[in-house]
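# Topology and contacts: notes
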Amino acid sequence: MNFTEEDWERDKKARKPADYITKEQKTIYKNLKLIYDKNINVTDAGHSLEDMLIDCTFQSSKCTAANFTRWQHGTYGNCYTIIVARDQFSSFIGPFYGLSLTLYVDDKEYLLKHSPAAGFRVQVHPVEYVPFPEDEGFTISPGVVTSVAVKQVRISRMPFPYDGTDCGDIDRTHKGWANSSIYQQSYEESLRKSEGEQNVLNYTTQACVKSCYQRRLVQDCGCVDASFITRDQAKFFAQEFNMSLPDACEMVYEEAVQCVRH
């Protein structure tokens, strides 16, 4: 294949490093792109709850890894959710009536330079909402006892179009696929593995905004941000835009970063 001078200049410009991206962040971006583009099996490569869970009790009853549902996150890899039935809610507070976990951090298995710290990312959320631990979670440090108190706040909204479902999380017929959440289908499939669970997901701002963000990246830059999406979730765009699976954005190059951030 013969390259013209314009081709070389275009390639040189496209591969100009983004100097303002830190070395550590570049390593993370490269690893995320590698995992996404090479379709690395994160389920097997990531941490298994069977290896991490030392002890588990809920309302003083024994629980095991079988009580958790595994799902995939672009940055965190394997994530695990314990789904509590509504008739299991306790009216008492304290460690004897809530969920108590003893976990093994296994930091020797962490990816070198990819993980800035050891610990666990935790989010408490209703089962009908797609979790976003990077936004609403908190970090648990290893080697310490951490207690978390939760206060529930419920907001009742007027019916459509004031209830926020125009993002498409519940009824895609309102405005079609163009406004749907890319996270719904993959998370629903994870929930279906738990018998008896209702697979109806409600609207959240994060699901709508991040779906819009990824959709614009595909349209404007021809790629996705692997920090917030998995290959299974990216298949949404292949169906929506009738295209092949988009690659992960080259977040270490100036031109790609400018496209993503603008």
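This text follows the structure it describes.
Residues numbered from 1 in each chain as written. Predicted model: local features only at pLDDT ≥ 70, side-chain atom pairs only at ≥ 80, totals over all residues. Heavy atoms only, no water.

## Remarks on the environment of Tyr104
Filter applied, for reference: To qualify as a helix, a DSSP run of H or I must reach at least 4 residues; to qualify as a strand, a run of E must reach at least 2; elements of each kind are numbered from the N terminus. In this scheme, a residue with accessible area under 20% of its type's maximum is buried, one over 50% is exposed, and one in between is partly exposed, where area comes from a 1.4 Å probe on protein chains only. Residue contacts are counted whenever heavy atoms from the two residues lie within 4.5 Å of one another.
Checked against the element boundaries, Tyr104 lands in the loop between β5 (99-103) and β6 (120-122). The exposure class assigned to Tyr104 is partly exposed, which follows from its relative accessible area of 40%. Considered as a pair, Tyr104 and Leu53 are 51 residues apart in the sequence and their alpha carbons are 6.4 Å apart. Contacts of Tyr104, omitting those with residues within four sequence positions, involve Asp51, Met52, Ile54 and Phe120.

## Description of the state of the cysteines
What makes a disulfide is a covalent bond joining the sulfur atoms belonging to two cysteines. How we decide: We call a pair of cysteine sulfur atoms a disulfide when they lie within 2.5 Å.
Per the counting criterion, the structure on display carries three disulfides. Covalent S-S linkage joins Cys223 and Cys249, the inter-sulfur distance amounting to 2.0 Å. Disulfide Cys223-Cys249: the torsion about the S-S bond is 90°, which places it as right-handed. In this pair, Cys223 sits in strand β8 (residues 223-224) while Cys249 sits in the loop between β9 (247-248) and α9 (254-261), placing the two residues 26 residues apart along the sequence. According to the relative accessible area criterion, Cys223 is buried, its value standing at 10%. Given a relative accessible area of 5%, Cys249 falls into the buried group. Cysteine pairing for the protein, with bonded cysteines counted in sequence order: 1-2, 3-6, 4-5.

## Here we look at the sheet that holds strand β1 (residues 53-58)
Strands in a sheet are paired, the pairing made by backbone hydrogen bonds, and the direction either parallel or antiparallel. Heads up, the condition is: Two strands qualify as a pair provided DSSP detects at least 2 bridges between them.
The three strands are arranged β2-β1-β5 in an open sheet whose pairing can be described as antiparallel. The strands lining the two open edges of the sheet, one partner per strand, are β2 (61-62) and β5. Where β1 meets β2, two bridges bridge the pair, whose relative direction is antiparallel. Its bridge partner being in β2, Phe58 is matched across the sheet by Ser61.

## Structural notes on the packing of aromatic side chains
In plain terms, the rule: Here the aromatic set is Phe, Tyr and Trp, taking the six-membered ring for Trp, and pairing holds for ring centres within 6.5 Å; pairs whose planes are under 30 degrees apart are stacked, those over 60 apart are edge-to-face, and all others are tilted.
Per the stated rule, a full pass over the model turns up two aromatic pairs. On the basis of an interplanar angle of 70° and a centroid distance of 6.5 Å, the ring pair of Tyr213 and Phe228 is categorised as edge-to-face. In this pair, Tyr213 sits in helix α7 (residues 205-220) while Phe228 sits in the loop between β8 and α8 (231-240), placing the two residues 15 residues apart along the sequence. Overall, the relative accessible area of 26% leaves Phe228 in the partly exposed class.

## A few points about α8
To be explicit about the condition: For this quantity, the arc is that covered by the directions from the helix axis to the C-beta atoms.
Within the span of α8, buried status applies to Gln233, Ala234, Phe236 and Phe237. Axial view of α8: buried residues confined to an arc of 120°, hence all on one face. For α8, the exposed residues set more than 90 degrees away from the buried face come down to Asp232 and Gln239. Phi turns positive, to about 55°, at Asn242, one or two residues after α8.

## Some thoughts on the nonpolar core
To keep things clear, this is the line we draw: Residues belong to a common nonpolar core when they are buried Ala, Val, Leu, Ile, Met, Phe, Trp, Tyr or Cys residues joined through side-chain atoms within 4.5 Å.
With 21 residues, the main nonpolar core has Tyr36, Ile182, Val224, Ile229 and Phe237 as its most contacted residues. Of all the secondary-structure elements, those providing two or more residues to this core are α2 (23-37), α6 (184-192), α7 and α8. Listed in part, the 11 residues of the second largest apolar core include Ala18, Leu217, Cys223 and Val252.

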